[in-house]
Amino acid sequence: MKKLTLGFCALIALGSAAFAGTEITTESKAVVPPPCPQWYADNEFNLSISGIYAFSGNENTFLDHGWGGAVDAKYFFARYFGIGVQGFLLDANTDDDDLIIGDDDDSDGVGGILGTFTFRFPSNCSRFAPYVWVGGGGIWGGQDNRAVAITPGGGIIVADDDDDEGHGMGQVGGGFEFRFTPHCGWVNDFSWNIVSGSNNNFGMARTGINFAF
């Protein structure tokens, strides 16, 4: 009986030692979500090609309204800031009633080129990026109207008003871009253009495609 009891105690002691030497661990691995896509790079070159519509709210030396196109090249030296050059060309319609009777509304080319500074603020992980900019440069072209007047003696005077002289121009605008891919997006914006006094100011709306490199 003693031998049986001693043997049973020995088995218990060995089992306790074996169990004490076994370490049970549970390891949990943290699930790391994949990084979100970055649609706008910290350093990138942008080239935009847009259709434009320009209009003024008064009798304007340069245009009453007009359709055209624009090219905008920018380099973003940081995620939020870029410098660039913008050029545009308009087939402008004019409406001038300066002479006594009758006028012949005409169209003429209006073009401009400006240097720009842009601030954009894309949301993290978002395809959408609002932006604002300021610019300065020059504009040329303008109205080419022919007006007809009758003198008191019954004569006819035909006058051409052709303003092709260049003028300084300031611009301020804002809009947004939506990226289809990190290298291609849709841009829409509006700018107000200040040209040699309030009578020549006009608005310009643009929509087009932007390519990012």
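Here, every reference points to the structure presented above.
Treat the numbers as computed from the prediction; the structure is a model and nothing was measured. (Residues numbered from 1 in each chain as written. Predicted model: local features only at pLDDT ≥ 70, side-chain atom pairs only at ≥ 80, totals over all residues. Heavy atoms only, no water.)

1. Quick look at the pairing of strand β3 (residues 81–93)
Just so we agree on the cut-off: Remark: exposure states derive from per-residue accessible area (1.4 Å probe, protein chains only) relative to the maximum for the residue type, with buried under 20%, exposed over 50%, and partly exposed in between. A run of H or I in DSSP counts as a helix once it spans at least four residues, and a run of E counts as a strand once it spans at least two, with each numbered from the N terminus. For two strands to count as paired, DSSP must find a minimum of two bridges between them.
Where burial is concerned, the two faces of β3 differ: the one with Gly 82, Gly 84, Gln 86, Phe 88, Leu 90 and Ala 92 is buried and the one with Phe 81, Ile 83, Val 85, Gly 87, Leu 89, Asp 91 and Asn 93 is not. Pairing geometry for strand β2 (residues 65–76) and β3, over 12 bridges, is antiparallel. In the strand pairing of β3, Ala 70 is matched with Phe 88. A loop of four residues connects β2 with β3, the two strands running antiparallel in sequence.

2. Thoughts on the packing of aromatic side chains
What counts is decided by this rule: Centre distance within 6.5 Å is the pairing criterion for rings of Phe, Tyr and Trp, where only the six-membered ring of Trp is used; planes under 30 degrees apart are then read as stacked, over 60 as edge-to-face, and the remainder as tilted. Cation placement over rings: the criterion is NZ of Lys or CZ of Arg within 6 Å of the ring centroid and within 35° of the ring normal.
Inspection of every chain in the model, using the stated rule, returns 11 aromatic pairs. Following the ring pairs from residue to residue traces out a cluster consisting of Tyr 53, Phe 55, Trp 67 and Phe 190. Taking the ring centre of Tyr 131 as reference, the NZ or CZ of Lys 74 above it sits at 5.2 Å.

3. Re the nonpolar core
Threshold: Throughout this description, the term nonpolar core refers to a set of buried Ala, Val, Leu, Ile, Met, Phe, Trp, Tyr and Cys residues connected via side-chain atoms within 4.5 Å. We call two residues in contact when some of their heavy atoms are within 4.5 Å.
Ranked by size, the top nonpolar core spans 15 residues in total, and within it Phe 88, Leu 90, Ile 139, Met 169 and Phe 202 carry the most contacts. Among the secondary structure elements, those contributing two or more residues to this core are β1 (44–55), β3, β5 (107–120) and β11 (202–212). Broken down by element, this core gets its largest block of residues, three residues, from β3. Ignoring any residue separated from it by four or fewer positions in sequence, one finds Leu 90 in contact with Ile 52, Ala 54, Leu 63, Gly 66, Trp 67, Gly 68, Asp 108, Gly 109 and Val 110.

4. Section: the side chain of Asp 72
For clarity, the threshold we go by: Identification of polar contacts relies on pairs of N or O atoms within 3.5 Å, with a donor-acceptor requirement for protein atoms, meaning one able to donate a hydrogen and the other able to accept it, and with residues adjacent in sequence counted only if both atoms are side-chain atoms.
For Asp 72, the location among the structural elements is in strand β2. What makes Asp 72 buried here is its relative accessible area of 4%. Within the structure, the side chain of Asp 72 is placed 3.3 Å from the side chain of Arg 206, a separation counted as a polar contact. Setting aside chain neighbours within four positions, we find Asp 72 in contact with Asn 46, Leu 47, Ser 48, Val 85, Gln 86, Thr 116 and Arg 206.

5. Some words on the environment of Cys 125
By the secondary structure assignment, Cys 125 is in the loop between β5 and β6 (128–141). Separated by 90 residues in sequence, Cys 125 and Pro 35 place their C-alpha atoms 9.0 Å apart.

6. So, the pattern of salt bridges
Selection criterion: Just to be clear on terms, a salt bridge is a Lys or Arg side-chain nitrogen sitting within 4 Å of an Asp or Glu carboxyl oxygen.
Taken as a whole, this structure holds six salt bridges when the rule is applied. Arg 179 is the partner of Glu 44 in a salt bridge, and the nearest nitrogen-oxygen pair spans 2.8 Å. Of this pair, Glu 44 sits in strand β1 while Arg 179 sits in strand β9 (residues 167–181), placing them 135 residues apart in sequence. For Arg 179, the salt bridge is made with Glu 177, and the minimal N-O distance between the two is 2.5 Å. For the pair Arg 179 and Glu 177, a shared accessibility class is recorded, and that class is buried. Through salt bridges with shared partners, a single ionic network connects Glu 44, Arg 120, Glu 177 and Arg 179.

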